[in-house]
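Breakdown of the fold
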Amino acid sequence: MRGGGDACGSQAGAVSWSRATWRPRPDMGSLSRPSSSASHGNLPHLLLFFLFVGPFNCLASYSRATEILYSLNEGLPAGVLIGSLAEDLRLLPGAGGQDLLSQSPQHSVAERNPPLSFSLASQGLSGQYVTLDNRSGELHTSAQEIDREALCLEGGGGIAWGGSISISSSPSADSCLLLLDVLVLPQEYFRFVKVKIAIRDINDNAPRFPISQISVWVPENAPVNTRLAIEHPAVDPDMGTNGVQTYRLLDYHRMFTLDVEENENGERTPYLIVMGLLDRETQDQYVSIIIAEDGGSPPLIGSATLTIGISDINDNCPLFTDSQINITVYGNATVGTPIAAVQAVDRDLGNNAQITYSYSQKVPQASKDLFHLNENTGVIKLFSKIGGSVLQTHKLTILANGPGCIPAVITALVTIIKVIFRPPEIVPRYIANQIDGIIYLKELEPVNTPIAFFTIRDPEGKYKVNCYLDGEGPFRLLPYKPYSNEYLLETTKPMDYELQQFYEIAIVAWNSEGFQVKKMIKVQLLDDNDNAPVFLQPLVELTIEENNAPNAFLTKLDATDADSGERGQVSYFLGPDAPSYFSLDSVTGILTVSTQLDREEKEKYRYTVRAVDSGKPPQESVATVVITVLDKNDNSPRFINKDFSFFVPENFPGYGEIGVISVTDADTGQNGWVALSVVNQSDIFVIDTGKGLLRAKVSLDREQQSSYTLWVEAVDGGTPPLSSTAKITILLLDINDNPPLVLFPQSNMSYLLVLPSTLPGSLVTEVYAVDKDTGMNAVIAYSIIGRRGPRPESFRIDPKTGNITLEEALLQTDYGLHRLLVKVSDHGYPEPLHSTVMVNLFVNDTVSNESYIENLLRKEPEISIEEKEPQISIEPTHRKAESVSCMPTLVALSVISLSSITFLTGMGIYICLRREKKHHREDENLEVQTPLKGKIDLHMRERKPMDISNI
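Criteria and cut-off values
One numbering rule holds for all chains: residues counted from 1, following each sequence as written. Note on the predicted model: pLDDT of at least 70 is required for a residue's local features to be given, and 80 or more for side-chain atom pairs to be given and counted; whole-chain, interface and lining totals, by contrast, use all residues. The side-chain quantities take in all heavy atoms of the structure and omit both hydrogens and water. UniProt positions are given in the numbering used here, feature names are shortened, and annotations may be inferred rather than shown by experiment. We count a stretch as a helix when DSSP gives it H or I for four or more residues in a row; a strand needs E for two or more, and each element gets its number in order from the N terminus. Here's how the labels work: a residue is buried when its accessible area is under 20% of the maximum for its type, exposed when over 50%, partly exposed in between, all with a 1.4 Å probe on protein chains only. Should any heavy atoms of two residues lie within 4.5 Å, those residues are counted as being in contact. The accessible surface values rely on the Shrake-Rupley method and a 1.4 Å probe; as for residues, cover is taken only from the protein chains in view. Residues adjacent in sequence count toward polar contacts only when both atoms are side-chain atoms; beyond that, a polar contact is any pair of N or O atoms within 3.5 Å, and within protein one must be able to donate a hydrogen and the other to accept it. For this document, the term salt bridge refers to a Lys or Arg side-chain nitrogen within 4 Å of an Asp or Glu carboxyl oxygen. In this description, the arc belongs to the directions extending from the helix axis to the C-beta atoms. What makes two strands pair is DSSP finding at least two bridges between them. Structural elements are reduced to axes, namely lines fitted to C-alpha atoms, with helices fitted over the stretch in contact, and the angle between N-to-C directions of any two is expressed from 0 to 180 degrees.

An unreviewed UniProt entry lists the protein under the name Protocadherin-20, with Bos indicus given as the organism. In its Subcellular location (unreviewed entry) section, the UniProt record describing the protein reads: "Membrane".

Within the protein, the regular secondary structure consists of 8 helices and 63 strands. Relative to its 951 residues, the protein shows a buried fraction of 44%. In the protein, of all internal contacts separated by at least 6 residues, the share reaching a separation of at least 24 is 69%. Entry remark: accessible area of the protein is about 49,400 Å², with carbon and sulfur atoms responsible for 51%.

What follows concerns the side chain of R791. Here R791 is to be found in the loop between β56 (780-788) and β57 (795-797). A polar contact is formed between the side chain of R791 and the backbone oxygen of A809, at a distance of 3.0 Å. Ignoring anything within four residues of it in the chain, the contact list for R791 reads E808, A809, L810, L811, D814 and H818.

This next bit is on the pattern of salt bridges. Two side chains carrying opposite charge are able to pair once their charged atoms lie near each other. As enumerated under the stated definition, the model contains 21 salt bridges in all. As a salt-bridge pair, E600 and R599 come within 3.1 Å of each other at their nearest N and O atoms. Across the pair R610 and E620 runs a salt bridge whose closest N-O atoms are separated by 2.7 Å. Here R610, found in strand β41 (residues 604-613), pairs with E620, found in strand β42 (residues 620-630); they are 10 residues apart in sequence, far enough to count as distant. Under the relative-accessibility criterion, R610 is labelled partly exposed at 26%. Classification of E620 by relative accessible area gives partly exposed; the value is 40%. One connected set of salt bridges, linked through shared partners, spans R599, E600, E603 and D631.

Note that the residue after L185, namely P186, is joined by a cis bond; omega there is 10°. With respect to the helices, strands and loops of the structure, P186 is situated in the loop between β7 (177-185) and β8 (191-200). Between F744 and the following residue, P745, the backbone shows a cis peptide bond with an omega angle of 5°. Its place among the elements puts P745 in the loop between β52 (741-744) and β53 (751-754). Phi is positive for H232, which is not a glycine, with a value near 60°.

Attention now goes to helix α6 (residues 850-859). Residues of α6 that are buried include every one of I853, E854 and L857, and no others. Looking straight down α6, one finds its buried side chains confined to an arc of 100°; they lie on one side. In this structure, the buried side of α6 is in contact with β53, β59 (816-826) and β60 (834-843).

What links the strands of a sheet is backbone hydrogen bonding, and the strands pair in either a parallel or an antiparallel sense. With mixed pairing, 4 strands are arranged side by side in an open sheet as β17-β24-β23-β20. Two strands in the sheet have a free side with no partner beyond their single neighbour: β17 (324-330) and β20 (356-359). On average, each strand axis in the sheet is inclined to that of its neighbour by 30°, with strand direction left out of account. Here 8 bridges tie strand β23 (residues 393-401) to strand β24 (residues 408-417), and the two strands are oriented antiparallel to one another. Of the residues in β24, the one forming a bridge with T397 is T411.

Right under this line is the structure:
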């Protein structure tokens, strides 16, 4: 825009303001430039404001001298772009207008020939705050951070031109300018540019009081709403709203409040307002914290201590505590001796509390002349020698005067005792340590320790003087020979600091005229470490539940030491017999246990603890700690065996004792009480809860059930209860309670046809029986105990197998009915049982008439049992037709009674023979059981004849 004005009508050569455009850069942060706001009444800023709000192409004409204004926040980091002079001066093509300095708008600054260069007219402070790129004309912030308050706080200094960088504080309170003089070269493009950089304030300073302790004085009679300015208000270097805005107190004491007033210059002053009635004599000062807060975001605060002193006014008058005092003066008292002092109290301060003393006008002049009253101190002194004509009683009315007050009155009644002679004198000479009239003795000093000498004398030298010791304590006063007026004070017995630390005694001397004098003696004992710590309880008995938490508190031991100072400081230690998991705090005496205790493992702990004082040498005492671990229900009942087995004879009587179920519980008391019960089979079995006795409610029959399996539950008495179970097996032992049961013959009325041609040794028939018992109780022996017929001895029975064989050949005379009464007996103990059966053998060729035979069976008379019953034995009674294969068995059975081993062998052979015999048994079996009696009735039944197969 060379040569001519612009649309704004600026004159050539006048100072013009440029519009600086702003292009955002990533490193600029929140920088805003250039500022277009006007300061209060500042003309350049106002012009800049109109420039920015006007059209962007409204520019003043440029002359060789140019001004430009930028603005930025204080505290920005280095490298932030402030502005580009080349762009803002339109030295580049496309910069918003015609290139004023070049006829080649298509070339950049660097492409100009010669190129443009920018430089500061003078280096000055340029390196501290801004840097200028000599080729591009860009201004950046330097490494030195700009602090607005440091630059412009003082507000002085004019604008300095001439190519240097200057700092300017304009009349506006908000203005802080950084001034630079920039030269644009070369000569053909020469420009002299004045750059102003306005530094904008940020809230980077907190309010600060000039002093940390602020004092304000308020008269105690200040009325409510009295306003007092608080001097030394807070100062905030920041400007505008960033400066101090409000004040407040941390504690208003319900007596004050705070207000803020602002003057024409915008300065804010805090005022203290009285809100209640003050009384200095009740409280003479109030202390609070005054806080100043600025208007920044966030706001910053500063504080100081505010001391509000209450100044005194004369609202109190002097007062005496007593209305009268009594004074005794001896007639020989020395002139100038103080005889008394009166003192009044005025609660005010300073001049308001000044008190003067004076006699009332009622006091006679003679009394005033004899006793002088100090008007400032209130001390009454003997002013003149007491003569013989002086009154013995003087009433002195004394006034206490205060400013603006009615005087307080006290009466001093002085009684004069006339004395002719001077009292005796007591002169002490101390042997023990004496400081300020107090004698110090160690408590362990031996008996007869000397304390002091006393010389007793009469000042007149005319009268005899006696003395004695007055007061209680372990002391005595003895004449010290050979001197007549010397006395020795000494101890009479050991002293104990813990019983009494201080004694006050008096040496009293009197003469023959009855006049006496006292010399007070104060004795202070010094403590020695002569006492050991003492436990309050030498035996500490504690209880704790088992399964305690780790580091559980047990107790706090307490031992006292009668000594004083460090000699009485007690430390606590565990004895060597204490387990390692117990801990004792040496300072507090707190006893803890670090692990869980198990009562079942150990129920009681007994060990010692020591209390040691800090004396030299130290003394100690010992106490015993007994800890009983209380039971918790943490153990289930435990059976001595997991499985119990009992052998019980069958037919055991109901509620008889089968056995004892032993169960234990490691817990004690209710937790260890165990109740037993039968879980299953409870309808048959019952158990005694207390004794554990197992009983059967009914008699047990092995033949019905040979064994029982029970489950017994044991439940303890804890809360909650714990339980366990055990398996009980009951095996029934057989007893001989079942006689053999005859299965064949089927009836006593049955019969068999025996052909006469039957050969001797042939098997005719058999008797087959079974026994429900077991063992020897089930071993059966057969024998014939009764015979009837033509020749019944022709038949024999095998005692073991029950086989009936023909012994001899049958004759013609043997035809007819042969009847054999067979006894079937077991080997039971203690008494064998048996059954009988009638075997009927009809010897004939045929059975032509069955009715005839049945009639014979019915009409047959009774058979007499043989007198001597055959011995129950496995060995048979007849051996004639015995087969050779049975001989080893018969021999073995014969020696069963000799040894148990032989008996077992025989049993094995017997079982083998029984199995062999079963193959010969008939398929149809009927039960026939006839009890054995002395005489047997034969009941006849119809029975068809049966053929013998081997005939």
